[in-house]
Amino acid sequence: MTGLYVALGTVAVAMCIGLLVRSLGGRTRVSSAGAVPEEVRAVLDPGAAVTLVQLSTEFCGNCKQARAVLVDLAGSTTGLAHADVDLTDQPELAKRLSVLRTPTTIAVDAAGTELLRVGGIPKREDLLTSLRPHLPG
Amino acid sequence: MSTQVDPRGPRFAAGVTSAVLVAVLVTGWWPLLAAQAVVFALGGFAGLRYSPYAALYRALVAPRLAPTDEREDATPVRFAQTVGFGFAVVGVLGYALEVTALGTAATALALVAAFLNAAFGFCLGCEAYLLINRLSTKQRKVGTAR
């Protein structure tokens, strides 16, 4: 009998996690992480005011969808670029960046300061609104 | 380019996996969990097409659905299957050695992941690769200084 309750409880918990991930995932948060590590600075687009650095791994399920959103956004927004960092073989860098899940996207300004952070597939409009103050024009 | 799969296949497999894991929790019958562990191992180590659930999908489900051009990478899904295998092995050991709490806990965690995939299309193992990697590199004494 206990097993039945555990099964029902587990499904209920999983349901809550799923709804939570769906509603909170992809939201843009203001970041206080400061200067990004050298490895990330190296991929920044020198001509852009802000680079969206997508942190991926080989085993990332939703990175393809996240990439589609970011590439499209960067392509249609002046002063915005997109770059990719694969963390599969760089656990040390992942640790310094405090990234536990992929996709995670960080918005970095030309000076190398992390401005924003998005976990999950970014919500396009939400991200663009948060980026506006940092972009030219 | 790694292998690409119809994303509805793994999703269907996650549904079957969820049902099997619920049955394991309700009955506490470890041979069923052992069978699920074999399914995880086939999908994770041999390749997704060798998973019996994928065969079931191809034979019974796919013919009834409209074909799709949508494809996803097989690598993340396979990785998640190997994580599931780990939990299933711990669960089997728990039940078989009569440490029922361990068996139940491991099975319940695997169920959370399978259910999230089936109901929400959210692959917990894939998202948490970095976390899992961090936990596993912590225990490794050598080779962490890259």
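Residues numbered from 1 in each chain as written. Chains lettered and ligands numbered in written order. Predicted model: local features only at pLDDT ≥ 70, side-chain atom pairs only at ≥ 80, totals over all residues. Heavy atoms only, no water.

An unreviewed UniProt entry annotates chain B as DUF4395 domain-containing protein originating from Actinokineospora diospyrosa.

Per an unreviewed UniProt entry, chain A is named Thioredoxin, and its organism is Actinokineospora diospyrosa.

Trainee: For this particular structure, what's the right way to read the UniProt feature "transmembrane region" (unreviewed entry) in chain B?
Mentor: Residue and element names in this part refer to chain B. If you check UniProt for "transmembrane region" (unreviewed entry), the listed places come out as residues 12-32, 38-56, 77-97 and 109-132 in our numbering. Note that residues 38-56 is 74% helix and 0% strand, and that its end C-alpha atoms are spaced 16 Å apart. Helix makes up 95% of residues 77-97 and strand 0%, with an end-to-end C-alpha separation of 30 Å. (UniProt positions renumbered as here; feature names shortened; annotations may be inferred. Helix = DSSP H or I, 4+ residues; strand = E, 2+ residues; numbered from the N terminus.)

Trainee: Would you take a moment to explain the UniProt feature "transmembrane region" (unreviewed entry) in chain A for this structure?
Mentor: The sites that UniProt annotates as "transmembrane region" (unreviewed entry) are residues 6-24 of chain A. The span residues 6-24 of chain A carries 100% helix and 0% strand; its end-to-end C-alpha distance comes to 26 Å.

Trainee: Looking at this model, I keep getting lost on the state of the cysteines. Mind explaining?
Mentor: Put plainly, two cysteines are in a disulfide when a covalent bond ties their sulfur atoms together. Scanning all chains against the criterion turns up two disulfides over all chains. In this model Cys-60 of chain A forms its disulfide with Cys-63 of chain A; the gap between the sulfur atoms is 2.0 Å. Negative torsions about the S-S bond denote left-handed disulfides, and the value of about 95° found for Cys-60 of chain A with Cys-63 of chain A makes this one right-handed. Here the two residues Cys-60 of chain A and Cys-63 of chain A agree in accessibility, since each one is buried. Disulfide pairing places Cys-123 of chain B opposite Cys-126 of chain B at an S-S distance of 2.1 Å. (Disulfide = S-S within 2.5 Å. Buried < 20%, exposed > 50% of the residue type's maximum accessible area, 1.4 Å probe, protein only.)

Trainee: What should I look at first to understand the nonpolar core in this one?
Mentor: Counting 18 residues, the largest nonpolar core has Leu-21, Leu-33 and Tyr-53 of chain B as its most contacted members. Every residue in contact with Leu-33 of chain B, bar those within four places of it in the chain, is listed here: Leu-21, Val-24, Ala-88, Gly-91, Val-92, Tyr-95 and Thr-107 of chain B. Among the nonpolar cores identified, the runner-up in size contains 17 residues, and Val-40, Val-85, Val-99 and Ile-106 of chain A belong to it. (Core = buried A, V, L, I, M, F, W, Y, C linked by side-chain atoms within 4.5 Å. Contact = heavy atoms within 4.5 Å.)

Trainee: Can you walk me through the interface of chain B and chain A in this structure?
Mentor: Interfaces are often sized by the amount of accessible area the parts lose when they come together. Counting from both sides, the interface comprises 28 residues of chain B and, opposite them, 32 residues of chain A. Both faces considered, chain B and chain A share a buried interface measuring about 2,700 Å² in area, 67% of it formed by carbon and sulfur atoms. On the chain B side of the contact with chain A, Phe-120, Glu-127 and Leu-130 of chain B bury the most area, a combined 25% of that side's loss. In this assembly, chain B and chain A are joined by one salt bridge. (Buried area = accessible area lost by both parts, 1.4 Å probe. Salt bridge = Lys/Arg side-chain N within 4 Å of Asp/Glu carboxyl O.)

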